[in-house]
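Residue-level listing of the chains:
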Amino acid sequence: MVQSKGAEIIDNNTNQVKVANIGVKKVFTLKPILTKDAFDKSVSFVSSDPAVAAVNDKGKVTILNSGEAVIIMTTTDGGFRATCTVTAEYPE
C-alpha cells in the first residue's frame, strides 16, 4: 500500500491519484506502508509511462504531461508490489 502527500487521492482502496494543473510540473511523494516485521524495508519505484509521470527511487513523482501512468512499488524483501494509478489532466 502507498500513501500520497501533495496530490488528491481519488480512491484509497485502489490508490488512484488525480493531478490537475500539470503545467507547473506537479510533484508529490508516495510513501510505502510496510509491516513492522519486514526485515528489509527498502523498496523500488517504477513508472509505466515516464513521459507522463516520472518517479525517483524515493517515491517522488513528477508529472510531465497529461495522460495516465501506473507507479509500481516493489519491496526488496519478498518482491511484494503495490500500484498507484496517476491520471494527469490540464485544468479546464
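Cut-off values and rules
Residues numbered from 1 in each chain as written. Predicted model: local features only at pLDDT ≥ 70, side-chain atom pairs only at ≥ 80, totals over all residues. Heavy atoms only, no water. Helix = DSSP H or I, 4+ residues; strand = E, 2+ residues; numbered from the N terminus. Buried < 20%, exposed > 50% of the residue type's maximum accessible area, 1.4 Å probe, protein only. Core = buried A, V, L, I, M, F, W, Y, C linked by side-chain atoms within 4.5 Å. Contact = heavy atoms within 4.5 Å. Pairing = 2+ DSSP bridges. pLDDT = per-residue confidence, 0-100. Polar contact = N/O pair within 3.5 Å; in protein donor to acceptor, adjacent residues only side chain to side chain.

**Q** Hey, could you go over the overall build of the chain for me, with residue numbers and the actual values?
**A** Assigned secondary structure in the chain consists of zero helices and nine strands. The helix and strand sequence of the chain, counted from the amino end, reads β-β-β-β-β-β-β-β-β. Buried residues in the chain amount to 30% of all 92 residues.

**Q** Talk me through the nonpolar core; I want residue IDs and the actual numbers.
**A** By size, the foremost hydrophobic cluster in this structure holds 16 residues, and its most contacted members are Leu 30, Phe 45, Ala 53, Val 61, Ile 63 and Ile 71. With sequence-adjacent residues up to four places away left out, Ile 71 is seen in contact with Leu 30, Phe 45, Val 46, Ser 47, Ala 53, Val 55, Val 61, Ala 82, Thr 83, Cys 84 and Val 86.

**Q** Which residues make up the pairing of strand β7 (residues 60-63), and what values do they have?
**A** Residues Val 61 and Ile 63 of β7 are buried on one face, while the alternating residues Lys 60 and Thr 62, pointing to the opposite face, are not. Bridge analysis of strand β4 (residues 27-32) against β7 gives three bridges, and the strand direction is antiparallel. In the strand pairing of β7, Thr 29 is matched with Lys 60. Note that strand β6 (residues 53-55) and β7 share three bridges and pair antiparallel.

**Q** Just give me the short version of the confidence of the model for the chain, but keep the residues and values in it.
**A** Scored by pLDDT, the chain comes out at a mean of 78, with 71% of its residues at no less than 70. Confidence drops under pLDDT 50 across residues 1-12; counting only partners more than four residues distant or on other chains, this segment forms 39 contacts.

**Q** Give me the environment of Val 55: which residues, what numbers.
**A** Inspection of the secondary structure assignment puts Val 55 in strand β6. As a C-alpha pair, Val 55 and Thr 29 span 26 residues in sequence and 8.8 Å in three-dimensional space. Beyond its immediate stretch of four places on either side in the chain, Val 55 contacts Phe 45, Val 46, Ser 47, Lys 60, Val 61 and Ile 71.

**Q** Account for the environment of Ser 42, naming residues and giving values.
**A** Looking at the secondary structure, you find Ser 42 in the loop between β4 and β5 (43-47). A relative accessible area of 32% means that Ser 42 is categorised as partly exposed. On a C-alpha basis, the gap between Ser 42 and Thr 75 in space is 6.2 Å, while along the polypeptide they are 33 residues apart. Looking at Ser 42, its side chain comes within polar contact range of the side chain of Asp 40, at 2.6 Å. Looking at Ser 42, its side chain comes within polar contact range of the side chain of Thr 76, at 2.9 Å.

**Q** Run through the environment of Ser 44, naming residues and quoting values.
**A** Relative to the helices and strands, Ser 44 resides in strand β5. For Ser 44, a relative accessible area of 38% corresponds to the partly exposed category. Separated by 12 residues in sequence, Ser 44 and Asn 56 place their C-alpha atoms 8.6 Å apart. The residues touching Ser 44, leaving out its near neighbours within four places in the chain, are Ile 72, Met 73 and Thr 74.

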